[in-house]
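Summary of the model geometry
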Amino acid sequence: LGTCYRRGDLGLEIDSPKAVALYERAVELGDAKAVVHLGLMLADGDGCPKDEARAAALFEALSKAKGPWAPWAENALGRLATDPREAEKHWLRAAEDGFSIAMVNLGSLYEGRFSYATAFPTDLVAAEDWYCEAAAHGREDAKFNLQRIRAAALAKRRGPRAFRAFEGLLAA
């Protein structure tokens, strides 16, 4: 029911605070999926005050409990991480469980598409590998990213003018 209020499903008006309250109750009753939804709402301040610390605590507990929702929790912990090595650790755990969103996140991390205060080394081979893995799991965004980095590599091999033209397309 929380999801119905969060999205406006079943003819209900979108009511994020009500969704938060319903997720809170579902979490009290032990619903792991509700932990993910509540944690994401807390992390974003959607329908409630932003509380990344509480969201992280919920995700940590869910991850430690294992189960089918643990990869979702690990992926969210990667999203909340302020250090790229910490994000990588969480996304690797989720990816090892076959969680394709984490695979895309790893590809983006290795490609240098996330911004952190601490530098993270670019590794386009690893990025391509993770995008390939995510694409094999059906992720359309991974297929797009794979085409994009392959086209950039091809343009770079063709010469500086072709590469600059491709970079201009990316910036647009």
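Cut-off values and rules
Residues numbered from 1 in each chain as written. Predicted model: local features only at pLDDT ≥ 70, side-chain atom pairs only at ≥ 80, totals over all residues. Heavy atoms only, no water. Salt bridge = Lys/Arg side-chain N within 4 Å of Asp/Glu carboxyl O. Helix = DSSP H or I, 4+ residues; strand = E, 2+ residues; numbered from the N terminus. Buried < 20%, exposed > 50% of the residue type's maximum accessible area, 1.4 Å probe, protein only. Expected span 1.5 Å × (residues − 1). Contact = heavy atoms within 4.5 Å. Axes fitted to C-alpha atoms, helices over the stretch in contact; angles between N-to-C directions. Parallel < 35°, antiparallel > 145°, perpendicular 65-115°, else oblique. Left-handed = near helix turned anticlockwise from the far one by under 90°. Nonpolar A, V, L, I, M, F, W, Y, C, P; charged D, E, K, R; others polar. Phe/Tyr/Trp six-rings, centres within 6.5 Å; stacked < 30°, edge-to-face > 60°.

Brief notes about the pattern of salt bridges
The full count for this structure, using the stated rule, is 12 salt bridges. When the shortest N-O distance is used, the salt bridge between D44 and R79 registers 2.3 Å. Here R79 lies in helix α5 (residues 70–80) and D44 lies in helix α3 (residues 32–44), a separation of 35 residues in the sequence. With relative accessibility at 44%, the residue R79 sits in the partly exposed group. The partner of R148 in a salt bridge is E111, with the nearest N and O atoms 2.4 Å apart. Of this pair, R148 sits in helix α9 (residues 140–158) while E111 sits in helix α7 (residues 100–111); the two residues are 37 residues apart in sequence, bridging distant segments of the chain. E111 shares its class with R148; the two are buried.

Regarding α3
In a regular helix each residue adds 1.5 Å, so 13 residues correspond to 18 Å; α3 covers 19 Å between its end C-alpha atoms and thus fits that length. Summarising burial for α3: 10 of the 13 residues are buried, a large majority. Residues of α3 that are buried: A34, V35, V36, H37, L38, G39, L40, M41, L42 and A43. On its buried face, α3 sits against α1 (2–7), α2 (16–28), α4 (52–64) and α5.

Description of the packing of α2 against α3
Running from N to C, α2 and α3 point in directions that differ by 140°, and their axes come no closer than 9 Å. Considered as vectors, α2 and α3 are oriented oblique to each other. Crossing angle aside, the handedness with which α2 passes α3 is left-handed. Here S16, A19, V20, Y23, E24, A26 and V27 of α2 lie close against α3, whose contacting residues are A34, V35, H37, L38 and M41. Across the contact of α2 with α3, the residue classes break down as nine nonpolar, two polar and one charged.

Digging into the packing of aromatic side chains
Applying the stated rule across the entire model yields five aromatic pairs. Here W72 and F99 contribute two aromatic rings whose centre-to-centre distance is 4.9 Å and whose plane-to-plane angle is 65°, an arrangement assigned as edge-to-face. Remark: F99 occurs in the loop between α6 (84–96) and α7 and W72 occurs in helix α5; sequence separation between them is 27 residues. In this structure an aromatic cluster arises from ring pairing among W69, W72 and F99.

All we've got here are geometric facts, nothing functional implied.
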